[in-house]
Amino acid sequence: MNPRLPLAAFALATAVDLISLAAGFDTGHVLAKPLLMPLLAAWAALRGAPRPLIAALLCGWGGDVLLLTDADPAFLAGMASFAAGHVCYLTLFVRSGRPRARGTLLAPCYAVVLIATVALLWPGLPADLRLPVAVYSTLLTAMACSAATGLGPVAGAGGVLFLLSDTLIATGIADRPQPPRPDLWIMLTYVAAQFLLAHGALGALGALGGRRAAAASYGEVRSTTP
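What counts as what
- Residues numbered from 1 in each chain as written.
- Predicted model: local features only at pLDDT ≥ 70, side-chain atom pairs only at ≥ 80, totals over all residues.
- Heavy atoms only, no water.
- 1 Å grid on protein atoms, 1.4 Å probe; cavity = no way out; pocket = protein on both sides within 12 Å on 5 of 7 lines; lining within 4 Å.
- Points joined across faces, edges and corners; volume = space filled by probe spheres on them.
- Helix = DSSP H or I, 4+ residues; strand = E, 2+ residues; numbered from the N terminus.
- Nonpolar A, V, L, I, M, F, W, Y, C, P; charged D, E, K, R; others polar.
- Phe/Tyr/Trp six-rings, centres within 6.5 Å; stacked < 30°, edge-to-face > 60°.
- Buried < 20%, exposed > 50% of the residue type's maximum accessible area, 1.4 Å probe, protein only.
- Salt bridge = Lys/Arg side-chain N within 4 Å of Asp/Glu carboxyl O.
- UniProt positions renumbered as here; feature names shortened; annotations may be inferred.
- Polar contact = N/O pair within 3.5 Å; in protein donor to acceptor, adjacent residues only side chain to side chain.
- Contact = heavy atoms within 4.5 Å.
- Expected span 1.5 Å × (residues − 1).

Trainee: Tell me about empty space enclosed by the protein, residues and numbers included.
Mentor: In the structure shown here, the tally under the stated rule is 1 cavity of 30 Å³ or more. Approximately 30 Å³ is the volume found for the largest cavity. Residue lining of the largest cavity: Ala56, Cys59, Gly60, Phe82, Gly85, His86, Tyr89, Phe162 and Gln194, and that is the complete set. Put simply, the parts of the chain that give the lining of the largest cavity at least two residues each are α3 (51-66) and α4 (72-96). By residue number, the principal contributor to the lining of the largest cavity is α4, which donates 4 residues. Broken down by class, the residue content of the lining of the largest cavity amounts to 5 nonpolar, 4 polar and no charged.

Shown next as structure tokens:
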């Protein structure tokens, strides 16, 4: 199958979802949201994505479905599903990414953002959600930082947007100020985040594979040169 087909379907489902949210058409959102990550995963798989990337996207699908309901158990289960996805992303980034010098500068910045965000949200969060949100936020921030420092600006932008999307969710739970139509902004940043993470990972892995192939070819030529 041509990878463009699931990508086009993903774009269509994204448009339906966002338009439905903007129009207040809940049925459209409920129907379109569960299609997003499977279509993106299909696109990534057809492009030769490694298993951790596919697993991360499917964990995102699990979280998407669970968060369609407002029940507390479903929210915690959805958070756990997204956390598993971040573990998959971290595994991929650590194995495949190259350490970059700017990581020594970016890591403290992400740490400051994490501490400031948790401190801001903590008083307004329900007592039973404080620890889970703090742990999840730490894992999410580690994923975002690893994307930026290991794979470059495209995946890094995806990590930042994922941070923004989940922060918007948390501000609603903590009764903090939100922009108009927060549900629309949450989905817009989330879908963009997942696409950029997948696209950035595929691009970085492809470039890395090309460099390894070139190095291997060079080594073969050198070994056969008298």
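Trainee: Before we move on, could you go through the packing of aromatic side chains and cite the residues and values that matter?
Mentor: Ring pairs (aromatic) are described by centroid distance and by the angle formed between their planes. Summed over the entire model, instances satisfying the criterion amount to 6 aromatic pairs. An angle of 20° between the planes, with centres 6.4 Å apart, marks the rings of Phe10 and Phe195 as stacked. Taken together, the positions of Phe10 in helix α1 (residues 4-23) and Phe195 in helix α8 (residues 182-224) put the pair 185 residues apart, joining distant regions of the chain. Ring centres of Tyr89 and Phe93 lie 5.6 Å apart, and the angle between their planes is 20°; on these two criteria the pair is classed as stacked. One end of the pair is Tyr89 and the other is Phe93, both in helix α4 and 4 residues apart, which spans about a single turn. For the pair Tyr89 and Phe93, a shared accessibility class is recorded, and that class is buried. Here a set of aromatic residues connected by ring pairs shows up, and it is made of Phe10, Trp43 and Phe195.

Trainee: Tell me about the pattern of salt bridges, and name the residues and values.
Mentor: The full count for this structure, using the stated rule, is 1 salt bridge. For Asp183, the salt bridge is made with Arg181, and the minimal N-O distance between the two is 3.7 Å. Since its relative accessible area comes to 33%, Asp183 is described here as partly exposed.

Trainee: Got a sec to walk through the UniProt feature "transmembrane region" (unreviewed entry) in the protein chain? Specific residues and values, please.
Mentor: UniProt records the feature "transmembrane region" (unreviewed entry) at residues 74-93, 105-122, 134-164 and 184-208, using the numbering of this structure. Taken end to end, residues 74-93 is 100% helix and 0% strand, and its first and last C-alpha atoms sit 28 Å apart. Along residues 134-164 one finds 97% helix and 0% strand; the C-alpha atoms at either end are 15 Å apart.

Trainee: Can you break down the side chain of Thr189 residue by residue, with the values?
Mentor: Examined against the element boundaries, Thr189 turns out to sit in helix α8. On the basis of relative accessible area, Thr189 is assigned to the buried category, the value being 9%. A distance of 2.7 Å separates the side chain of Thr189 from the backbone oxygen of Trp185, its partner in a polar contact. Among all residues touching Thr189, those that are not within four sequence positions of it are Leu161, Leu164 and Ser165.

Trainee: Let's hear about the environment of Pro153: which residues, and what values?
Mentor: Position of Pro153 relative to the elements: it lies in helix α7 (residues 153-173). Along the sequence, Pro153 and Leu196 sit 43 residues apart, while their C-alpha atoms lie 9.5 Å from each other.

Trainee: For α3, give the residues involved together with the corresponding values.
Mentor: Structural remark: α-helix, 3.6 residues per turn; residues separated by three or four positions point the same way. Taking 1.5 Å of rise per residue, the 16 residues of α3 would be expected to cover 22 Å, and the 23 Å separating its terminal C-alpha atoms lies within 8% of that figure. Turning to α3, its buried residues are Pro52, Leu53, Ile54, Ala56, Leu57, Cys59, Gly60, Gly62, Gly63 and Asp64.

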